[in-house]
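# Descriptive analysis of the structure
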Amino acid sequence: MSAARLASAAAATAHQRQWFAGLREEVADGGDLALVNADAPQEIFRAMGIPYVVNQWWSSIVTAKRRAQDYLGLLRERGYPDDSEQYSSIPLASVFDPDPANAPWGGLPRPSIVLAETTGDASRKIFDLWDSQLGVSFYPLESAAENDVPVRWWELMPRDWERAVGSDRLDLMTGELEGLIRFLEQTTGRVFSETRFAEVMTLVNEQQEWNRRTRDLIARARPCPLPVNDSIPSVMIPQWHRGTTWARDAARAFHDEVAERVSTGTAVCPGERARLMWIGRGLWFDLDFYRRFEESHGAVFVWSMYLAIAADGYLRHGGDPLRALAARFAAFSDQLYTPPWSAEWYVKEARHHGVDGVVHLVSDDARGSYFTTRALQAAGIPVLELHADNVDARSADGDALTRTVGDWLDRHVLAGD
Amino acid sequence: MPAALARLTSHGTDRRAAADEFRARHHGGVIGYVGADVPVEYLTAAGLLPLRLSGSPGDPSTAGDRCLGTGLDPAARSVLTRLLEGGFGTLDGIVVSRDCEASLRLFYALRELRRVDPALALPPVHLVDVLHLPHRTTTRYVRAKLGQLRATVETWAGRPIDDTALADAITAHDRLRALLTEVAALRRSHPARLTGTQALAVVAATTALPVGRATALLEALLAEADQLPEHEGLRVFLTGSPHDTGHVYTALEDRGLLVVGEDHDWGDLLSLRRTAAPTEAALAERYQHNGPAAPRASIRARAAHTRRAARECGAQALVGYARVRDDAPGWDYPAQREATGLPAVQLSRQPYGALGDGAAEALAELTGARVRAEAAR
Ligand code: SF4
Ligand code: SF4
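Residues numbered from 1 in each chain as written. Chains lettered and ligands numbered in written order. Predicted model: local features only at pLDDT ≥ 70, side-chain atom pairs only at ≥ 80, totals over all residues. Heavy atoms only, no water.

This paragraph deals with the overall build of chain A. In terms of regular secondary structure, chain A is built from 19 helices and 8 strands. Relative to its length of 417 residues, chain A is compact, with a C-alpha radius of gyration of 21 Å against a globular reference of 22 Å. If you line up chain A on its principal axes, its C-alpha atoms span 65 × 50 × 40 Å. Looking at chain A as a whole, 65% of its 417 residues are labelled buried. Sequence-distant contacts, at least 24 apart, represent 79% of the contacts inside chain A between residues at least 6 apart. Roughly 14800 Å² of accessible area belongs to chain A as shown, and the carbon and sulfur atoms make up 48% of that amount. One finds the centroid of the 43 positive side-chain charges in chain A at a distance of 3 Å from the centroid of its 59 negative side-chain charges. (Helix = DSSP H or I, 4+ residues; strand = E, 2+ residues; numbered from the N terminus. Rg over C-alpha atoms; globule rule 2.2 N^0.38 Å. Buried < 20%, exposed > 50% of the residue type's maximum accessible area, 1.4 Å probe, protein only. Contact = heavy atoms within 4.5 Å. Areas by Shrake-Rupley, 256 points an atom, 1.4 Å probe, with all protein chains shown as cover. Lys, Arg positive; Asp, Glu negative; His and termini not counted. Charge placed at Lys NZ, Arg CZ, Asp CG, Glu CD.)

Okay, structure coming up:
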């Protein structure tokens, strides 16, 4: 039996539309709006009831609507780079859109607050430009790094996060979050309630526990019960809404749907011969790519980072809730991009899912890729590196990608079959 | 060439010479470091020689490209390649700062290579995570990171750093900074007594020599200032990427420009900020507020600094030079151009250590504009 589209993915997408329309109305009435980076502590905004849009989500919408090039052109016209941190810079270009009414989803309302960590060399500059827009304030957070870290972070993070992240970084970020709360109290007139915040933190942990169960189900299921790109909306849309009961329940509905498929033996690809892992960001401009090798090779993508990082990257139980929130974000991207954490985690996930091969998208700003590939190969797992920038369709040629993956499957993954 | 200048330029280019001598003569340890955010005071105080690591634009960077990927600043890839090839001689340790993303990734690569490939026999590596937001929370963090560095350096040196030795080292490095500022005045005078290429080499020498020796040579240079020849050219202020070698300066000055100032930390920016007191607390603040360097400062802070510095240099034009994969300068440039109000050119995506295609034409336009302006006067 072949798999139909997930109901939870369709429900999440519908919810997102409805939410965004509601948000546009709220902001049109003069409400505050925050634009926040994906790896920034949104839970504070949630607890205070300040609506927010995730920068990278908006970027993915613009890209999916094939407007990324127009938007990058708007930056270029103003003398700004169109080849640096596009994933973060595209939403900035919406400010310069001469025809905002025709922007995707009716356009991004103008935020009053932007929040980001000062990662990389350019991302804080993008937010500096936001800050120079009338009525927009940028609240920057440090992005700190540790000299020495315990390798198996995924075992420590849920409860022993103080040891995993390190106290210096937690002191720093907790101090910055206290400053953020004061800043928001003062600029929005809203109240930060410890009680409400603790509820939000509990809901987030519950949501991620559901994601963890779902990840574990998929890891063990043979054959793979769902297409990997279907799991992306089912995980990510609730992720943008984390800290709400809707999001927690959506994560549970997704889990239940997967469990149901597993119990009925639903298969994405009934002739499953090879289980594949996709490392890197999503190919937003070509989502069908992930399913192109099912008929031809019986090859199914069973893993992407979205569900896996939801399962392992967010859980922070116990301790002071604000410090726990700091622990969620003080080292968030290290989990994905910084060796030894990233490299060892991908190996652990590859083994957990019993994959036969890994397709590794190495984009221009890829971090730690060499060590990830090396660690997987050292673990005996075939790896194909693809070099492309997922957002910028100029740099990728779809047919060539398809041929490359097909050849690799024939020679390295299925050769022994 | 007068003797002190000759020695300094030689150490600026042959960056290993002083380290080799230090090791042979004093049997002293040499610590390689990456980035102007490394508090070298601790190394000096522990009797170690800090050697700032630089790349080598002419040579292939194959190993560095493989480990770091080609999406990163080629200067960092070159430094890693030279480290893996033993190009800096024996090092007893490496300290990496967080002055830019490329340095951070270089640190992660070194740390991971040590873990997974012990056969490479890389020296121990330490990250000193000096951050720069102007907040008290950051100050406290930087102090903790300096304390951590101190402990590591003590282990490497095999002895504790006492507070007096640290205070002396802080005073010595600040004295060096004060002298560098005096030397910078020589290139700003009308006519200039140092070319930009020479000034860059002098600054570079001070990051390869023991601080006492560097101080003595700068004093000698200032004493022989009268014998220095005069230099002519279109006086430009250089912004954008840092230059760890003189190649681009030479290329610019061969085209009739005279680089009278810059806002990167292999040049004027290195000595800009002093330490308010010979204490660890003041040292932490000095490094926190170091800059404003392109990868860490806000667009606003950079534009204000560039405006002030270009004016103090008496610059007639602004040249923005951004190396390929060095992401910050491109975002700064529009505001810098506006703030200085000078005739300006932007050279983007430049190859490491050279001028790219089209750079010559863009620069010729700048010199042409000046000729036209003078004719109109
Ligand atoms: S500084 Fe020392 S090594 Fe360099 S030229 Fe002078 S004496 Fe020789
Ligand atoms: S890991 Fe070793 S062999 Fe591989 S590129 Fe780096 S130095 Fe070369």
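Once that is clear, we can look at the overall build of chain B. Broken down by element type, chain B carries 15 helices and 8 strands. Relative to the 2.2 N^0.38 estimate, which gives 21 Å for 377 residues, the radius of gyration of chain B is 20 Å and therefore close to what a compact globule would have. Dimensions of chain B along its principal axes, counting C-alpha atoms only, are 65 × 45 × 40 Å. Within chain B, buried positions represent 60% of all 377 residues. Restricting the contact set of chain B to residue pairs at least 6 apart, pairs at least 24 apart contribute 73%. When the accessible area of chain B is evaluated, it comes to approximately 14300 Å², of which 50% is carbon and sulfur surface. Looking at chain B, you have 44 positive and 44 negative side-chain charges, and the mean spots of the two groups are 4 Å apart.

This brings us to the sheet that holds strand S6 (residues 257-262) of chain B. All names here are of chain B. On the basis of which strands lie adjacent, the open sheet formed by 4 strands has the order S6-S5-S7-S8 and parallel pairing. Edge positions in the sheet fall to S6 and strand S8 (344-350), since each has one partner strand and no second. Taken pair by pair, the neighbouring strands of this sheet meet at an average axis angle of 30°, ignoring direction. Direction of pairing for strand S7 (residues 317-323) relative to S8: parallel, over a ladder of 5 bridges. Residue pairing in the sheet places Tyr321 in a bridge with Leu347 of S8. Most of the contacts of helix H11 (residues 247-254) go to S6, to which it runs at about 135°, and overall it touches strand S5 (234-240), S6 and S7. (Pairing = 2+ DSSP bridges. Axes fitted to C-alpha atoms, helices over the stretch in contact; angles between N-to-C directions.)

On to the site of ligand 2. Around ligand 2, a shell composed of A:Tyr370, A:Arg374, B:Ala63, B:Arg66, B:Cys67, B:Leu84, B:Leu113 and B:Asp117 is seen. Among the chains of the assembly, those with residues near ligand 2 are chains A and B. For the shell around ligand 2, the elements supplying multiple residues, two or more each, are helix H18 (369-378) of chain A together with helix H4 (62-68) of chain B. Partitioned by chemical class, the residues of the shell around ligand 2 number 5 nonpolar, no polar and 3 charged. (Near = heavy atom within 4 Å. Nonpolar A, V, L, I, M, F, W, Y, C, P; charged D, E, K, R; others polar.)

With that out of the way, let us pick up the site of ligand 1. If you check the shell around ligand 1, you find B:Arg7, B:His11, B:Glu21, B:Leu209, B:Arg213 and B:Leu217 and nothing else. Listing elements by their share of the shell around ligand 1, those giving two or more residues are helix H1 (3-13) and helix H10 (211-223) of chain B.

A few words now on the sheet that holds strand S4 (residues 125-128) of chain B. As a general point, the strands of a sheet are linked pairwise by backbone hydrogen bonds and lie either parallel or antiparallel. All names here are of chain B. Spatially, S2-S1-S3-S4 is the arrangement adopted by the 4 strands of the open sheet, whose pairing is parallel. For this open sheet the edge positions go to strand S2 (49-52) and S4, each flanked by a neighbour on one side alone. Neighbour to neighbour, the strand axes of the sheet diverge by 25° on average, direction disregarded. The pairing of strand S1 (residues 30-34) with S2 spans 4 bridges and is parallel. Looking across to S2, one finds that Tyr33 is bridged to Arg52. The sheet strands contacting helix H7 (residues 136-157) are S1, strand S3 (93-97) and S4, and the helix crosses S4 at an angle near 160°.

Looking now at the packing of aromatic side chains. All names here are of chain A. Counted according to the given criterion, the structure contains 25 aromatic pairs over all chains. Between Trp153 and Trp154, the aromatic rings sit 5.9 Å apart at their centres with planes inclined by 85°, giving edge-to-face as the arrangement. A single burial state applies to Trp153 and to Trp154, both of which are buried. Between the aromatic rings of Trp303 and Tyr346, the centroid separation amounts to 5.9 Å while the plane-to-plane angle is 75°, which identifies the pairing as edge-to-face. Note that Trp303 is positioned in strand S6 (residues 299-303) and Tyr346 in helix H17 (residues 341-352), a separation of 43 residues in sequence. (Phe/Tyr/Trp six-rings, centres within 6.5 Å; stacked < 30°, edge-to-face > 60°.)

Turning to the interface of chain A and chain B, a few remarks are in order. Many authors give the size of an interface as the accessible area that is lost as the parts come together. At the junction of the two partners, chain A supplies 50 residues and chain B supplies 46 residues. Its largest share of buried area at the contact with chain B, chain A owes to A:Asp121, A:Lys125 and A:Asn147, together 18% of the area lost on that side. Where chain A touches chain B, the interface holds 9 salt bridges. In this structure, B:Lys145 engages A:Asp168 in a salt bridge whose closest nitrogen and oxygen atoms are separated by 3.0 Å. Viewed at the interface, chain B and chain A are joined by 25 residue pairs in polar contact (both at pLDDT 80 or more). The dominant element in the side of chain A that touches chain B, judged by the number of residues it contributes, is helix H6 (residues 123-131) of chain A, at 6 residues. Classifying every residue of the side of chain A that touches chain B by side-chain character gives 20 nonpolar, 10 polar and 20 charged. (Buried area = accessible area lost by both parts, 1.4 Å probe. Salt bridge = Lys/Arg side-chain N within 4 Å of Asp/Glu carboxyl O. Polar contact = N/O pair within 3.5 Å; in protein donor to acceptor, adjacent residues only side chain to side chain.)

Our next topic: the pairing of S4(B). Residues and elements named next belong to chain B. What you see with S4 is no split at all: Val125 and Leu127 on one side and His126 and Val128 on the other are buried throughout. For S3 and S4, the ladder comprises 4 bridges, and the chain directions are parallel. Its bridge partner being in S4, Val96 is matched across the sheet by Leu127. The parallel pair S3 and S4, bridged by helix H6 (residues 101-116), forms a crossover whose chirality is right-handed. (Right-handed = clockwise from strand over helix to strand, strands pointing away.)

A:Ile44 and A:Phe45 are the most contacted members of the largest nonpolar core, which has 116 residues in total. For A:Ile44, the residues in contact, after removing those within four places along its chain, are A:Leu177, A:Leu180, A:Ile181, A:Leu184, A:Phe192, A:Phe197, A:Leu322 and A:Leu325. In terms of nonpolar packing, the next biggest core, distinct from the first, is built from 33 residues, B:Leu49, B:Leu53, B:Leu68 and B:Phe107 among them. (Core = buried A, V, L, I, M, F, W, Y, C linked by side-chain atoms within 4.5 Å.)

Of all 9 residues in H6(A), 8 are buried; the element is thus mostly enclosed. Along H6(A), the positions that sit buried rather than exposed are A:Ser123, A:Arg124, A:Lys125, A:Ile126, A:Phe127, A:Asp128, A:Leu129 and A:Trp130.

Here we take up the packing of helix H10 (residues 194-220) of chain A against helix H11 (residues 228-240) of chain A. All names here are of chain A. The N-to-C vectors of H10 and H11 enclose an angle of 170°; their axes lie 11 Å apart at closest approach. Compared by their axis directions, H10 and H11 come out roughly antiparallel. Where H10 approaches H11, its residues Gln207, Gln208 and Asn211 are matched on the opposing element by Val235, Pro238 and Gln239. When its residues are assigned to classes, the contact of H10 with H11 shows 2 nonpolar, 4 polar and no charged. (Parallel < 35°, antiparallel > 145°, perpendicular 65-115°, else oblique.)

Those residues of helix H4 (residues 68-77) of chain A not exposed but buried are A:Ala68, A:Tyr71, A:Leu72, A:Gly73, A:Leu74 and A:Leu75. Packed against the buried residues of H4(A) are helix H3 (55-64) and helix H5 (86-93) of chain A together with helix H14 (328-340) of chain B. The positive-phi residue at the C-terminal boundary of H4(A) is A:Gly79, with phi of around 85°.

Bringing the packing of H10(A) against helix H15 (residues 321-329) of chain A into the picture now. Residues and elements named next belong to chain A. Between H10 and H15, the shortest axis-to-axis distance is 10 Å and the interhelical angle comes to 40°. As summarised for this structure, H10 and H15 are arranged oblique, according to the angle between their axes. In terms of crossing hand, the pair formed by H10 and H15 is left-handed. In this structure, H10 contributes Phe197, Met201, Val204 and Asn205 to the contact, and H15 contributes Pro321, Leu322, Ala324, Leu325 and Arg328. Looking at side-chain class alone, the contact of H10 with H15 contains 7 nonpolar, 1 polar and 1 charged residues. (Left-handed = near helix turned anticlockwise from the far one by under 90°.)

Once that is clear, we can look at the confidence of the model for chain B. Confidence in the prediction for chain B averages 96 pLDDT; 98% of positions are at 70 or higher. Both confidence scores are given for the complex: pTM 0.94, ipTM 0.93. (pLDDT = per-residue confidence, 0-100.)

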